[in-house]
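Observations on the model geometry
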Amino acid sequence: MLYDYLKLALGNLRKRRLRSWLTMIGIFIGIAAVVSLIGLGEGLRNAIMGQFSFLGTDILTVQAAGLMTGAPGEGAITPLSDKLAARIAQVDGVTAAVNRYIRSGTLEFNKVQVYGFAYSVSEGIDRKIMQQSMNMKPSQGRLLKDGDTRKVVLGSNFATDKTFGKPIAAGDNVLINNIKYQVIGILEKKGSFIVDSAVAINQKQFLKDFGDDGTVSAILVKIDNPNNVNKIEQDVEKVLRKERKVKEGEEDFTVQTAQQALASLNSAIFAVNLFVIIIAAISLVVGGIGIMNTMYTAVLERTKEIGIMKAIGARNSTIFTLFSLESGFLGIVGGLIGIVLGLILAYGFAFLGKIFLGSGLIQAHVPLSWIFIALSFSFVLGVGAGVVPAYQASRMQPVNALRYAK
Amino acid sequence: MILEQITYSLQNLIHRKMRSGLTVVSILIGVMAVFALISFGLGIRKYMDVLAQQAGTDKLFIYAKGTGAPGTNDQFVITQSEVDFVSKINGVKQIAGMYSRPVQITFKKEKKYTYILGFDVSKLDFILEAMSVHIIKGRQLKNDELDKVVLGYNYLFEKKIFKKAVNLGDKVDINNKSFEVVGFFSEVGDPQDDTQVYLTGKAMESLFPTVKDKYGFVLIQAQKGTNTEQLADIIDEKLRKHKGEQKGKEDFFVQTYADALQIFNSIVSILNGVLVLIALISLLVASVNIMNTMYTAVLERTKEIGVMKAIGARNSNIFFIFVFESGFLGAVGGMLGVFFGYVIASIGGAIAAGAGYSLLKPVFPLYLSLSCILFSFSLGAVAGLLPAYQASKQNPVDSLRYE
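**With respect to the nonpolar core**
Nonpolar side chains in soluble globular proteins tend to end up buried together. Grouped together as the largest cluster of nonpolar side chains are 79 residues, with contacts concentrated most on A:Ile306, A:Phe323, B:Ile305 and B:Phe322. Grouped together as the second largest cluster of nonpolar side chains are 45 residues, B:Ile116, B:Val149, B:Val197 and B:Leu199 included.

Structure below.
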């Protein structure tokens with residue numbers, strides 16, 4: 001039975017080939033735009049989030065509250081004391097708590113000077129924890145070790161000739177805040193400009209050269225089991241409240257995993273993407289109106305046919321199904337073509353972006369779920385746009401319909 | 001003759017009310033989106049122009065280079081002695097070092113974080129002009145006042161920053177030190193500036209003893225008739241030599257106000273342009289819809305075309321009738337689109353203003369409305385070209401025979 005309906009619906013669409021195609025073009029332009037923008041938008045979001053999420057799920061970061069501009073710790077109102085880490089380390093479930101110092105400064109090589117961030121690497125047993133949690137591996141030379149003084153490990157971006165005109169290699173000398181350091185190693189590429197464009201210095205030397213005012217930029221807390229993260233987070237907060245003498249609800253610090261810290265940035269990017277997609281989706285509404293128009297025309301043209309079908313026993317529901325199938329078909333085929341085109345556009349743009357701009361931020365990422373949503377949406381759009389015309393067709397009086405003259 | 005053709009076209013459109021209506025709606029939606037987006041883009045541009053006028057074209061900034069916002073890092077500052085040096089450069093009329101710091105502000109036990117600006121009150125007029133603000137409630141800061149603050153515009157309203165609105169005479173705590181609110185500044189239009197707190201340079205120095213004579217940025221007013229671009233270059237060079245720094249390795253940069261706005265303007269234009277392009281996709285779809293409607297109309301009226309031709313209508317008459325029909329659809333869609341776009345943009349602007357972004361205020365110049373309508377008319381006419389051509393080329397005999 002359904003097969004017969006399908007055959008009829010398809011036959012009717014084929015009879016008005018030009019009109020069917022034009023209607024589907026309307027849908028697939030919209031779907032292609034939406035799919036490609038989702039692809040590029042999600043790709044951008046992934047790329048940006050990837051910049052920040054170099055810390056694992058078993059790491060909590062403690063920061064003083066304030067305006068989050070620049071590096072951790074800059075813009076803090078009441079900075080964290082360097083005594084806190086020792087107290088946090090005693091909390092149940094905390095494997096280690098490591099002070100992090102991050103400062104901005106200048107880096108000079110080959111007579112070119114740039115501004116960027118330097119961070120400290122802890123010494124002793126904490127070194128391993130820090131190197132593991134940040135997944136630091138050398139691509140050249142070696143990592144820092146205890147006893148290194150004016151030795152520095154650079155992020156991978158400095159090993160290209162982009163920044164300084166020529167690449168820096170292990171063994172070269174650089175000036176950091178006009179102090180001479182020897183490059184002892186270059187890190188593997190992390191895909192994050194924060195790590196890839198920063199320099200690492202042993203903590204003792206860092207504090208000597210950058211100054212030590214008893215405050216730290218952040219405290220890195222490694223926990224033994226990521227499943228207990230909420231409990232440990234609360235315990236750490238309790239300790240900090242006591243140490244910093246603030247009441248519950250009035251904390252002037254945050255304890256977060258990298259994922260939590262990024263939640264607001266993540267949702268901001270998502271909101272922007274959504275806005276763009278909504279604007280693109282306007283064209284889908286227009287496409288839907290196109291389907292509706294086509295279906296009204298079809299109903300009108302086939303008034304007599306409908307009368308005959310009803311006269312020989314077709315029920316209202318049959319007529320309704322017939323026209324709905326037709327419009328749903330227009331929607332879903334338009335959607336399918338649109339998805340294919342959209343994927344080609346998105347990956348094509350990402351490819352061109354990589355070649356011509358060399359920017360890793362232009363990526364395409366179309367989640368399967370979105371493809372499914374786009375396809376269902378185009379089907380629903382098709383059926384939805386056809387509902388009123390199909391209903392009108394189904395309610396026609398057979399006698400009037402038969403009498404209808406073009 | 002033409003009049004008859006036009007009446008005939010219109011009658012046909014009315015005859016197929018539903019179809020014409022839907023086609024018009026599909027154009028309307030696209031024009032509405034494009035119109036609204038462009039009106040916001042033009043609005044921001046106008047806002048920047050007004051800002052530039054208020055601040056005057058004679059203003060320059062010196063910023064300390066660094067990675068964060070001004071004032072967040074003690075390493076990157078401009079010192080009082082550097083300010084004194086620059087003040088002696090030919091062409092500099094006034095100069096003021098601005099303290100800038102992130103602070104915690106507490107009102108009725110509610111805490112927020114914002115920037116605080118401290119400045120020399122004796123240079124107030126010039127500083128306020130450069131920041132395009134003036135006092136709208138209360139009074140100005142006076143020199144040597146150590147426990148008074150002036151707040152940004154948004155503090156005047158409940159739920160914008162604090163749950164309750166702040167009033168003159170209220171006490172606020174800044175980094176746990178109590179201050180009395182003596183005045184409020186006018187609205188700038190973006191939430192960050194309208195959330196700022198202002199106090200005297202002396203109060204700043206007592207709040208942050210380490211900050212003394214170390215400024216986050218410096219405001220400069222050029223003497224009348226001085227080319228600010230050239231002055232910026234001169235300051236850059238002289239200050240660099242003064243600090244013994246090599247070219248390209250300065251730890252500061254000099255920018256004219258016009259340049260700063262220009263950069264912002266071009267970013268806004270690009271973003272707005274991209275959005276408009278995306279919205280134009282819907283107009284593309286609408287034109288496909290028009291084409292579809294017109295093909296259907298030609299098909300339906302095949303016999304009619306045959307009759308018209310049989311009684312002497314020329315190809316060009318038929319062509320005109322159909323092109324006029326589709327152009328008319330476009331024009332009506334365009335007019336309605338402009339109207340709804342106006343409504344939507346006005347509502348959007350009101351919402352943005354309520355959220356503190358009064359810089360997002362749409363403007364509706366006449367040329368925008370006219371060009372939107374003209375554009376949608378042309379879009380309609382172009383979309384009707386092919387169907388109209390097909391109609392005009394029909395063989396009268398075949399047409400008459402068509403069932």
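**Brief notes about the pattern of salt bridges**
For the coordinates displayed, the defined rule picks out 31 salt bridges over all chains. Taking the shortest distance from any N to any O, the salt bridge between A:Asp209 and A:Arg150 comes out at 2.8 Å. Linking A:Asp209 in helix α6 (residues 203-210) with A:Arg150 in the loop between β6 (138-141) and β7 (151-154), this pair joins segments that are 59 residues apart in sequence. When its relative accessible area of 35% is taken as the criterion, A:Arg150 is described as partly exposed. Residue B:Glu325 is joined to B:Arg301 by a salt bridge in which the shortest nitrogen-to-oxygen separation is 2.8 Å. You can see B:Glu325 sitting in helix α9 (residues 315-354) and its partner B:Arg301 sitting in the loop between α7 (257-300) and α8 (302-310), a full 24 residues away along the chain.

**With respect to the domain arrangement of chain A**
According to the domain assignment, chain A contains domain 1 (2-51 + 263-404) and domain 2 (66-251). Averaged C-alpha coordinates put domain 1 of chain A and domain 2 of chain A at centres separated by 51 Å.

**Re the interface of chain B and chain A**
Residue-level contacts link 48 residues of chain B with 52 residues of chain A. Summing the contributions of chain B and of chain A, the shared interface buries around 3900 Å²; its carbon and sulfur component is 68%. The tally of links between chain B and chain A comes to 0 salt bridges. Linking chain B with chain A are 7 residue pairs in polar contact (both at pLDDT 80 or more). Sorting the residues of the side of chain B that touches chain A by element identifies α2 (17-55), β3 (92-107), β4 (110-119) and α7 of chain B as the ones contributing at least two each. Residue composition of the side of chain B that touches chain A, by class: 23 nonpolar, 16 polar and 9 charged.

About the criteria used
Along each chain, numbering runs from 1 in the same order as the chain's sequence is written. For this description, chains carry letters from A and ligands carry numbers from 1, given in the order in which they are written. Local features in this predicted model are restricted to residues of pLDDT 70 or higher, and side-chain atom pairs are both shown and tallied only at a pLDDT of 80 or more, whereas totals for entire chains, interfaces and linings draw on every residue. By convention in this description, side-chain values take in all heavy atoms of the structure and omit both hydrogens and water. Here, nonpolar core means buried Ala, Val, Leu, Ile, Met, Phe, Trp, Tyr and Cys residues that are tied together by side-chain atoms lying within 4.5 Å of each other. Buried residues are those whose accessible area, probed at 1.4 Å on protein chains only, stays under 20% of the maximum for their type, while exposed residues exceed 50% and partly exposed ones sit between those limits. Take a side-chain nitrogen of Lys or Arg and a carboxyl oxygen of Asp or Glu: if they are within 4 Å of each other, that pair is a salt bridge. Each helix is a run of H or I in the DSSP string that is no shorter than four residues. Each strand is a run of E no shorter than two, and both are numbered from the N terminus. Domains are outlined according to an automatic or database domain assignment. Whether two residues are in contact is decided by their heavy atoms, any of which lying within 4.5 Å being enough. Buried area adds together the accessible area that both of two parts lose upon being put together, with accessible area traced by a 1.4 Å probe. Contacts described as polar in this section are N or O atom pairs within 3.5 Å, which, within protein, must combine one atom able to donate a hydrogen with one able to accept it, while residues neighboring in sequence count only if both atoms come from side chains. Note on residue classes: Ala, Val, Leu, Ile, Met, Phe, Trp, Tyr, Cys and Pro are nonpolar, Asp, Glu, Lys and Arg are charged, and everything else, Gly too, is polar.

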